[in-house]
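Spelled out from the first residue to the last, the chains are:
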Amino acid sequence: MDKKLKISFNSPIILGFVILSFIVYVVDNLTGGFSTRLLFSVYRSSFIDPFTYFRFFGHVLGHANLDHFLGNIMLILVIGPMLEEKYGSANILFVILATALVTGLVHFFVFPHVYLLGASGVVFAFILLSSFAGFREGRIPFTFIVVALLYIGQQVYQGVFVQDNISNLTHILGGIVGAVLGYIMNKGKMNRY
């Protein structure tokens with residue numbers, strides 16, 4: 001029996017996110033950055049401007065350059081499909097949207113004159129969420145503790161001692177969102193059995 005291999009669209013939310021991010025990156029290059037400034041970056045703007053509300057979510061699709069895009073997208077493609085399989089597409093979409101909203105709102109109020117864009121908050125949410133894979137009722141995985149200490153500790157260190165254009169607060173907030181939602185989603189699964 002000769003079985004043919006088929007390509008499956010195994011992770012619709014992750015693949016959709018990657019495709020949308022790529023389209024936004026291409027359009028950004030075609031418009032000289034105008035589209036990203038208008039729709040895919042968070043910065044202080046008027047609450048009368050309807051794009052302000054879109055940007056609270058859309059900023060995770062925008063990226064400053066090819067290295068920024070590839071760095072975030074590669075990690076999302078490595079971690080995301082496993083998470084989408086474990087938690088389901090609706091939950092992963094919720095993690096992405098919640099991370100975007102939390103990081104966008106905090107940045108809007110705390111750093112009014114700095115543009116925020118990119119999916120690194122989502123990456124950190126996924127990293128902390130993935131460390132909950134072995135969660136059991138009443139037990140916190142040691143791997144979660146190690147990952148949280150290393151990633152969040154690194155971001156605090158870099159935020160205090162390294163001057164760069166990286167939003168360490170966004171990484172920390174993304175990690176917190178991923179940890180909280182990982183705990184809630186895993187606790188919910190345990191209660192159903």
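Quick caveat, the model's predicted, so the values are computed rather than measured. (Residues numbered from 1 in each chain as written. Predicted model: local features only at pLDDT ≥ 70, side-chain atom pairs only at ≥ 80, totals over all residues. Heavy atoms only, no water.)

Another point: a nonpolar patch on the surface. On the surface, Phe 9, Ile 19, Leu 20, Phe 22, Ile 23, Val 26, Val 27 and Leu 30 cluster together to form a nonpolar patch covering roughly 760 Å² of accessible area. Mapped onto the fold, Phe 9 is located in the segment before helix H1 (12-30). Exposure remark for Phe 9: the relative accessible area of 54% places this residue in the exposed category. (Patch = residues over 30% accessible without salt bridge, like charges linked within 9 Å, V, L, I, M, F, W, Y side chains within 5 Å. Areas by Shrake-Rupley, 256 points an atom, 1.4 Å probe, with all protein chains shown as cover. Salt bridge = Lys/Arg side-chain N within 4 Å of Asp/Glu carboxyl O. Helix = DSSP H or I, 4+ residues; strand = E, 2+ residues; numbered from the N terminus. Buried < 20%, exposed > 50% of the residue type's maximum accessible area, 1.4 Å probe, protein only.)

Another aspect to go through is the confidence of the model for the chain. On average, residues of the chain carry a pLDDT of 85, and 86% of them reach 70 or more. Within the chain, H1 carries the highest mean pLDDT (97), whereas helix H7 (residues 142-161) carries the lowest (72). (pLDDT = per-residue confidence, 0-100.)

Remark: the empty space left among the atoms is shown by a probe the size of a water molecule rolled over them. In this structure, the second largest pocket encloses a volume near 190 Å³. As for the second largest pocket, its lining consists of 13 residues, and the residues nearest its centre are Phe 17, Leu 20, Leu 61, Ile 96 and Leu 97. Elements supplying a minimum of two residues to the lining of the second largest pocket: H1, helix H3 (50-58) and helix H5 (89-110). Here the lining of the second largest pocket is composed, by residue class, of 11 nonpolar, two polar and no charged. (1 Å grid on protein atoms, 1.4 Å probe; cavity = no way out; pocket = protein on both sides within 12 Å on 5 of 7 lines; lining within 4 Å. Points joined across faces, edges and corners; volume = space filled by probe spheres on them. Nonpolar A, V, L, I, M, F, W, Y, C, P; charged D, E, K, R; others polar.)

This part takes up the packing of aromatic side chains. Scanning the entire structure with this criterion turns up 10 aromatic pairs. Pairing Tyr 53 with Phe 56 gives two aromatic rings, centres 6.3 Å apart and planes at 75°, and the pair type is edge-to-face. Separated by three residues within a single helix, Tyr 53 and Phe 56 lie in helix H3, roughly one turn from each other. For Tyr 53, a relative accessible area of 41% gives the class partly exposed. A relative accessible area of 5% places Phe 56 in the buried class. Taking NZ or CZ as reference, Lys 86 lies 5.3 Å from the ring centre of Tyr 87, over its face. (Phe/Tyr/Trp six-rings, centres within 6.5 Å; stacked < 30°, edge-to-face > 60°. Lys NZ or Arg CZ within 6 Å of the ring centre and 35° of its normal.)

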